[in-house]
Amino acid sequence: MSKKEVFSVCGMCTVRCPIMVDVEDGEIRFIQGNPHSPLKGALCARGAAGPALEADAERPQHPMIRQGARGEGKWARVSWDEAFDYIADKLKGLMEQHGPRTVLFSDRGGPFVDLHQGFMRALGSPNYCNHDVSCARNVQHASRSVTGLPRTELVHDYSNAKHIVLQTRNIFEAINVAEVNSVLDGIDKGCELTCIDIRATVTASKADNFFMIRPGTDYAFNLAVIHELLHKGLYDKAYAELWIKDLDRLRTFVEPYSPAWAARECGVEERAITTLVKDLAKAAPAVIWHPGWMTARFKDSFYVSRTAYIINALLGSIGAKGGLPLASTPKDVGRKGLKKLVDLFPKPEEKRADGVGWRLPAHDAGPGLVHKAYEAIETGDPYPVTAYIAMRHDPLMAMPDPDAIRRIWDKLDLLVSVTFTWSDTAWYSDVVLPLSPYLSRESIIAQKGGLKPQFFYRQRALPPRFETKADWEILCGLAERLGIESFAFKSIEDIWAYQLQDTGVTVEDLSKKGFVGLASEPRYLAVEDLKFTTPSGKIEMRSEKWENAGYDSLKPYESPSAPAGEDQFRIAFGRVGTHTQGHTVNNPLLAEQFPENVLWINAGRAKALGIKDGDTVTVSSGSHTGKIKAFVTEFIHPEAAFMVHGFGHDLPVESRARGRGVSDNCLMPGGLAVESAPGGGLAMQEFFITVRKV
Ligand SMILES: Nc1nc2c(c(=O)[nH]1)N[C@H]1C(S)=C(S)[C@@H](COP(=O)(O)OP(=O)(O)OC[C@H]3O[C@@H](n4cnc5c(=O)[nH]c(N)nc54)[C@H](O)[C@@H]3O)O[C@H]1N2
Ligand SMILES: Nc1nc2c(c(=O)[nH]1)N[C@H]1C(S)=C(S)[C@@H](COP(=O)(O)OP(=O)(O)OC[C@H]3O[C@@H](n4cnc5c(=O)[nH]c(N)nc54)[C@H](O)[C@@H]3O)O[C@H]1N2
Ligand code: SF4
Ligand SMILES: [Mo]
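The shown structure was predicted, so the numbers you read here are calculated from the model rather than taken from an experiment.

Caption draft 1: The arrangement of the pattern of salt bridges in detail. By the definition in use, this model includes 35 salt bridges. The salt bridge partner of Arg523 is Asp332, with a shortest N-O separation of 3.8 Å. Remark: Asp332 occurs in the loop between helix 13 (301-314) and helix 14 (370-379) and Arg523 occurs in the loop between strand 18 (515-517) and strand 19 (539-540); sequence separation between them is 191 residues. Taking relative accessible area as the criterion, Asp332 reaches 36% and is therefore assigned partly exposed. Salt bridges here are not isolated pairs; linked through shared partners, they connect Asp56, Glu58 and Arg656.

Caption draft 2: Geometry of the sheet that holds strand 6 (residues 103-107). Taken together, the seven strands give an open sheet; going across it, the order is 5-4-15-14-13-6-7, and neighbouring strands pair in mixed fashion. Of all the strands in the sheet, just strand 5 (75-77) and strand 7 (128-130) have a single pairing partner and so form its edges. Looking at each pair of strands side by side, their axes are set apart by 20 degrees on average, direction ignored. Pairing analysis gives five bridges linking strand 13 (residues 387-391) to strand 14 (residues 414-419), with the strands arranged parallel. When the bridges of strand 14 are listed, Tyr388 appears paired with Leu415. The strands that helix 4 (residues 114-123) touches are strand 6, strand 7 and strand 13; relative to strand 6, the one it contacts most, it runs at about 175 degrees.

Caption draft 3: Representation of the site of ligand 1 within the structure. Of all residues adjacent to ligand 1, which total 28 residues, the nearest are Asp394, Ala398, Thr421, Arg441 and Arg575. In the model, an oxygen atom of ligand 1 is placed 3.2 Å from a nitrogen or oxygen of the Thr419 side chain. At 2.7 Å, a side-chain N or O of Arg575 approaches an oxygen atom of ligand 1. Its free accessible area being 900 Å², ligand 1 has 97% of it covered by the protein chains.

Caption draft 4: Region of the structure containing the packing of aromatic side chains. One pass over the structure, following the stated rule, counts 28 aromatic pairs. Taking 5.0 Å as the distance between ring centres and 75 degrees as the angle between the ring planes, the aromatic pair formed by Trp600 and Phe631 counts as edge-to-face. In this pair, Trp600 is assigned in strand 21 (residues 598-602) and Phe631 in strand 23 (residues 624-633), connecting sequence segments 31 residues apart. When the ring of Trp600 is compared with that of Phe642, the centres are 5.7 Å apart and the planes differ by 75 degrees; the resulting orientation is edge-to-face. Remark: Phe642 occurs in strand 24 (residues 640-644) and Trp600 occurs in strand 21; sequence separation between them is 42 residues. Taken as a pair, Trp600 and Phe642 share a single burial class, namely buried. Above the plane of the ring of Trp600 lies Arg199, whose end atom (NZ or CZ) is 4.6 Å from the centre. The ring centre of Phe569 lies 3.8 Å from the NZ or CZ of Arg605, which sits over that ring.

Caption draft 5: Molecular detail of the packing of helix 8 (residues 218-231) against helix 12 (residues 270-283). Between helix 8 and helix 12, the least distance of the axes is 10 Å, while the angle of their chain directions is 55 degrees. On the basis of the axis angle, helix 8 is oblique to helix 12. Once helix 8 is placed against helix 12, the crossing between them reads as right-handed. Seen from helix 8, the contacting residues are Phe221, Val225, Glu228 and Leu229; seen from helix 12, they are Ile273, Thr274, Leu276 and Val277. Taken together, the residues that form the contact of helix 8 with helix 12 break down as six nonpolar, one polar and one charged.

Caption draft 6: Local environment of the environment of Asp107. Position of Asp107 among the secondary structure elements: in strand 6. Taking relative accessible area as the criterion, Asp107 reaches 0% and is therefore assigned buried. With 146 residues separating them in the primary sequence, Asp107 and Phe253 have C-alpha atoms 39 Å apart. Setting aside anything within four residues of it in sequence, one finds Asp107 in contact with Val113, His116, Tyr128, Cys129, Asn130, His131, Met391, Arg392 and His393. A distance of 2.8 Å separates a polar side-chain atom of Asp107 from the backbone nitrogen of Gly109.

Caption draft 7: Representation of the layout of surface pockets in the model. Roughly 420 Å³ of internal volume is contained in the second largest pocket. Taken together, 24 residues make up the lining of the second largest pocket; nearest its centre are His624, Gly648, Asp650, Ser663 and Cys666. For the lining of the second largest pocket, the secondary structure elements donating two or more residues are helix 15 (395-398), helix 16 (402-409) and strand 23. A total of four residues in the lining of the second largest pocket trace back to one element, the largest contributor, which is strand 23. Each residue belonging to the lining of the second largest pocket can be placed in one class, and the counts come to six nonpolar, twelve polar and six charged. Per-domain counts for the lining of the second largest pocket show at least three residues from each of domain 1 (78-134 + 334-442 + 470-490 + 500-505) and domain 3 (568-693).

Caption draft 8: How the structure looks around the site of ligand 2. As a structural note, the neighbourhood of ligand 2 is formed by 31 residues, with Ile175, Asp197, Asp218, Arg297 and His579 the closest of them. Contact between ligand 2 and Gly216: an oxygen atom at 3.0 Å from a main-chain N or O atom of the residue. Contact with the protein chains hides 99% of the accessible area of ligand 2, taken as 910 Å² for the molecule alone. Per-class residue counts for the shell around ligand 2 are twelve nonpolar, ten polar and nine charged. Built from parts of two domains, the shell around ligand 2 gets at least three residues from each of domain 2 (156-325 + 525-548) and domain 3 (568-693).

Caption draft 9: Inspection of the sheet that holds strand 17 (residues 454-456) at higher detail. In spatial order, the strands read 16-17-18; together these three strands make up an open sheet with antiparallel pairing. Because the sheet does not close on itself, it has two edges, and the strands there are strand 16 (446-448) and strand 18. Ignoring strand direction, the axes of neighbouring strands in this sheet form an average angle of 20 degrees. Where strand 17 meets strand 18, three bridges bridge the pair, whose relative direction is antiparallel.

What counts, and where the lines are drawn
Residues numbered from 1 in each chain as written. Chains lettered and ligands numbered in written order. Predicted model: local features only at pLDDT ≥ 70, side-chain atom pairs only at ≥ 80, totals over all residues. Heavy atoms only, no water. Salt bridge = Lys/Arg side-chain N within 4 Å of Asp/Glu carboxyl O. Helix = DSSP H or I, 4+ residues; strand = E, 2+ residues; numbered from the N terminus. Buried < 20%, exposed > 50% of the residue type's maximum accessible area, 1.4 Å probe, protein only. Pairing = 2+ DSSP bridges. Axes fitted to C-alpha atoms, helices over the stretch in contact; angles between N-to-C directions. Contact = heavy atoms within 4.5 Å. Near = heavy atom within 4 Å. Polar contact = N/O pair within 3.5 Å; in protein donor to acceptor, adjacent residues only side chain to side chain. Areas by Shrake-Rupley, 256 points an atom, 1.4 Å probe, with all protein chains shown as cover. Phe/Tyr/Trp six-rings, centres within 6.5 Å; stacked < 30°, edge-to-face > 60°. Lys NZ or Arg CZ within 6 Å of the ring centre and 35° of its normal. Parallel < 35°, antiparallel > 145°, perpendicular 65-115°, else oblique. Left-handed = near helix turned anticlockwise from the far one by under 90°. Nonpolar A, V, L, I, M, F, W, Y, C, P; charged D, E, K, R; others polar. 1 Å grid on protein atoms, 1.4 Å probe; cavity = no way out; pocket = protein on both sides within 12 Å on 5 of 7 lines; lining within 4 Å. Points joined across faces, edges and corners; volume = space filled by probe spheres on them. Domains from an automatic or database assignment.

Right under this line is the structure:
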C-alpha cells in the first residue's frame, strides 16, 4: 500500500487556495486546506468536489477536431499529434499571410498566466487578453486612476480592520476562503461590518448595517459619503495634506450630492448614511471600503470603484494597517522574484488589435479588453484577426449576447478551446484540447504579493485520466510543432528550474510545504513612506491621464432608469457558494447541491403579477426567452430580478446541467457594446427583462 501527502493548489475556482491531498494507492482519500499555509488553509464546497470532477466521464476525454458546421457537435477523435499538427499548420499559414498579430488568445487570468503570455510572446503576437472586461476591469482602472497602483497591490487587511464596508460584494457566498476567514477574524476582534446590496445575502445576514439599495445607485451613495466626510471635516486632514491632490476640486464637485439627496436616490435613510460616515471616521484608518470585484455591471461602475478608493483615501486607510496596506514584492523584502517566461522573447512591436495602449491610452495593455479584440475580428480594423485560442475561458457563457459573439467568431479561420469541462465555447470550436483537471496536472510556479510575498506551485496528485494533458504540455507541445525551440520545454522540472534561477529557492524547498514564504513578518509602511505611481506621485482626485484620454474623472451623477412596465425588472446576477461561474453546474456533487438557478423577485411586485413562490415564470429580453422558477421574497429591491450566473446549459454532453435554469448572459442583447468605457468593463446590468407567469 502506498500513501502520500501532496501539496498542491485547488483549481475549482480562480482563487487557487493552497491544498493538501492525501493519496493512497493512486486514489484520493482526502483533500484539505494546506495546514502549513499562512492563508489559513481550508476548503470550500467546490474545492471538496474536485475528485468528482476527476471521476466525471462527461468531460472532454481526448482531442477533437470539428467535422460538421460549428456548434453542430460532430467531432473526429484524434491523437494529440494530429491535433497539434492540425493547429500548427493552420497557425503557420495564417501567420504567414497576416503576420503573428493575427492570433488572439484569452484566458481567465490568475497566478499562472505567465505561461500563456510567454506562449503569445513566442508566437510574436501582442494579442494576449483575459476575461476581465466581464469581471474586475473597472476596479483595476479605478485603482490605477486614483493611486496609480494595480488593484492587487492594495491588500485588504480584513483581520486588523475595525470597519469593513462591502458594496456589491457578497464575501460569504462569492468565496475566497482566506478572505472569508480573515473577515471572520476581524469580526471576532470587534470589527463592524456594513453591507450594501440590492438583496439580503448571507453577507447581509452577518452585517451590523445593511443598506438595501436601489440597483445602480451606488455612485450616488458614495458621492454623499464623500460630501459628508468633507462637509463635516471628518476626513484625515494630515493624510490629505501629505498625499491627496486636487481635494478642492473634489470638494466643489460633491457640493450638490448631500446625504439627503442620496437617501432619496438610493432609497435608504439619510440618518443611516450620516451615522455610517461618523462610524467610519471613528474607526479610521483601520477601514476597508471594498472597491468591488465583479463590477461589470453598470455604465458608471468605474466611478463607483473610483469613489470607493477616494473614500478610503479620505479616511487615511490607503497604506494603513487594518485598511488597504501596500503589497510587497520579493524585491521589497530583499529577495529576487521568479524569472518570467515572457522574458524569453522580446515584446512585440505591433499595436494591439483591441486598441489598448494606442487608441485607448489610459487602459492597461497587459490583458487588454477582449470585447474590443472581437471588434477587430469583425471589422478587420486595425488588421485581420483570424485565429483565436480560448484557454480556460468560456466567452459564450461569460460575456453578453452569445449569439452576436458566434456571428463574429464565424469570421475566424481557427477557433481552439483548451478546457477541462465541456462549455458552449468548446462546443463551438474547431479543435477541443482537453486539459487534465488540477488534481492530475502540475503548473508553473506562481508568485504571490501581499503583506508576505511567497512562491507556490501545483503538483500532480494523480496521473491524468483519459487522454488529457497539463497546460504547459499543451502550449509547449504546440510551440515545438511551430518550431519555437526556446518555448518547447520538455518537462515541468525544466520550467521550474528556469523560473527559480537566482531566487535562492529550490524545487526541494517548495516541495516541503507547497510554498516558500519570502518574508517572515507582514510589512506595513509608515504613512510618509508610501509610494504611489500616478503621474504626480500622489493620490489623485482628478486624473489627468484619464481626462487626456477623453474621460471625466469626476463625472456628474446620472440616475439609472427605472423599469418601464409592471412586468419589467432590471436584471441582476451573482454567485452562490456551491458553484463556480458556468463550469461546475454539471459536476455530479455540486449539481446535487444546487441543481438550477431561480429568479429572485420582490414579494410586492410578484403579487401584482399573480406570481407565487415556486411558480414557473418566463423571462425574456430581445429575442431570447427562458423558463425559471420564481423565488418570491421581501428581501430584494422591487426594481431588480436576480439570478445566479452560470446556468441555462443546453449541450447534449452535459446530462446534469442540460435544461436547468436560465442563462443570464443570453438576456443582454447588444451587450458587447454596452460598457463602462473609462474602466473598460462591460455593463451587464443595464438591461431590463420581462417576467411573466407561465
Ligand atoms: N452574465 C454574466 N456574465 C458573467 C458573470 C456573471 O455573473 N453574469 N460573471 C463574470 C465573472 S466574475 C467572471 S470571472 C467570468 C468567468 O468567465 P470564465 O473564465 O469563462 O468562466 P469559468 O467558468 O471560470 O471557466 C471557463 C472555462 O474554463 C475551464 N477551466 C476552468 N479551470 C480551468 C483551468 O485551470 N484551465 C483551463 N484551461 N480551463 C479551465 C472551465 O471548464 C470552463 O469551460 O464570467 C463573467 N461573466
Ligand atoms: N462560490 C463562488 N465564489 C466565487 C466565484 C464563483 O463563481 N463562485 N467567483 C469568483 C469571482 S471570479 C469573482 S469576480 C468573485 C465575485 O465576487 P462578488 O462581486 O462579491 O460576487 P457577486 O455575487 O457577483 O456580486 C456581489 C453582490 O452584488 C450584488 N449587486 C447586484 N447589483 C448591485 C447594485 O446595483 N448595487 C449593489 N450594492 N449590489 C449589487 C448582488 O446581489 C451580489 O450579492 O467571486 C469569486 N468567488
Ligand atoms: S475558494 Fe474554494 S473552489 Fe476556490 S480555490 Fe479555494 S477551495 Fe477551491
Ligand atoms: Mo470574476
